[in-house]
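Close look at the chain arrangement
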Amino acid sequence: MARRSTISSEYIYKTSFGHLRKDSFELQNKEETIYYYVHEYPDWVNAVVLTKDKQILLVEQYRHPGNDFFLEVPAGKVEQGESYEEGIIREVQEETGYTSLKKPILLGEFMVNPATQTNKVITFLILDAFETSSQNLDDNEDVKVKTFPFDAMEELIEDKKITQLFTVSAYFLAKNYLS
């Protein structure tokens, strides 16, 4: 397989959410220059959060690119200097007001979209969660917490009430772990 040799990289823009850069490279077996746009994002964490009575916590929020409201597992980007575990504990507390005395269980670590993005999503399972505070949302967030029986998730997916890929994959990872 031919590896790429990067000739140049230039940033189109940089934001606190992510960066876009334009790379040029050549394949070792060809002489033409190829241009490619790369989205640089920090790694993301998400979690299937279950209460003691096996209710799953989902968050509902508007996603502008999707032009709709989506039911999702709690998720967010990892802050600089933060471990994945610290990141998911913080994100779950901020988005839901819930926490757990149990350590998050790592279910998997995956590239989000290696065709265009540099980041990974790290998926956890959090058991025996309980409410400890109100939400602590960013100014641009409007998140509603919803609970469902864990056993109802496949019906929500089949009925297209859950259409977000990371939520679907997180559910099946958790279901597999718990069985």
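Computed from a predicted model, the values in this text were never measured in an experiment.

**Considerations on the nonpolar core**
Formed by 19 residues in total, the largest nonpolar core has its most connected members in V48, I56, L58, F150, M153 and I162. Contributing elements (two or more residues each) for this core: β4 (44-51), β5 (55-63), β10 (120-131), α2 (153-158) and α3 (165-178). The biggest single contributor to this core is α3, with four residues. The contacts of I162, once residues within four sequence positions are left out, are L58, L71, M153, L156, I157, T167 and V168. The next biggest cluster of nonpolar side chains, apart from the first, holds 12 residues, and it includes I88, Y98, F124 and A129.

**Description of helix α1 (residues 84-96)**
With 13 residues, α1 should reach 18 Å at 1.5 Å per residue; the first-to-last C-alpha distance of 18 Å fits that figure. Taken residue by residue, α1 has G87, I88, R90, E91, V92, E94, E95 and T96 as its buried positions. Taken together, the buried residues of α1 touch β4, β5, β7 (75-77), β8 (98-99), β10 and β11 (144-149). Once α1 ends, the next one or two residues include G97, with phi positive near 80°.

**Quick word on the packing of aromatic side chains**
Summed over the entire model, instances satisfying the criterion amount to seven aromatic pairs. Here the aromatic rings of Y62 and F69 are separated by 5.4 Å at their centres, their planes lie at 65°, and the arrangement is edge-to-face. What makes Y62 partly exposed here is its relative accessible area of 36%. Residue classification places F69 among the partly exposed residues on the basis of a relative accessible area of 49%. What links up through ring pairs into an aromatic cluster is the set F17, Y41, W44 and F166. Above the ring of Y11, the side-chain terminus of K14 is found at 4.2 Å from the ring centroid. Cation over ring: K22 sits above Y35, and NZ or CZ is 4.9 Å from the ring centre.

**A few points about the environment of T15**
By the secondary structure assignment, T15 is in the loop between β1 (4-14) and β2 (19-27). Classification of T15 by relative accessible area gives partly exposed; the value is 38%. With 48 residues separating them in the primary sequence, T15 and R63 have C-alpha atoms 18 Å apart. Of the polar contacts made by the side chain of T15, one reaches the backbone oxygen of G18; its length is 2.7 Å.

**A closer look at the environment of I105**
For I105, the location among the structural elements is in strand β9 (residues 105-111). If near-sequence neighbours (up to four positions away) are discounted, I105 is found in contact with T123, F124, L125, L127 and Y177.

Cut-offs and rules
- Residues numbered from 1 in each chain as written.
- Predicted model: local features only at pLDDT ≥ 70, side-chain atom pairs only at ≥ 80, totals over all residues.
- Heavy atoms only, no water.
- Core = buried A, V, L, I, M, F, W, Y, C linked by side-chain atoms within 4.5 Å.
- Buried < 20%, exposed > 50% of the residue type's maximum accessible area, 1.4 Å probe, protein only.
- Helix = DSSP H or I, 4+ residues; strand = E, 2+ residues; numbered from the N terminus.
- Contact = heavy atoms within 4.5 Å.
- Expected span 1.5 Å × (residues − 1).
- Phe/Tyr/Trp six-rings, centres within 6.5 Å; stacked < 30°, edge-to-face > 60°.
- Lys NZ or Arg CZ within 6 Å of the ring centre and 35° of its normal.
- Polar contact = N/O pair within 3.5 Å; in protein donor to acceptor, adjacent residues only side chain to side chain.

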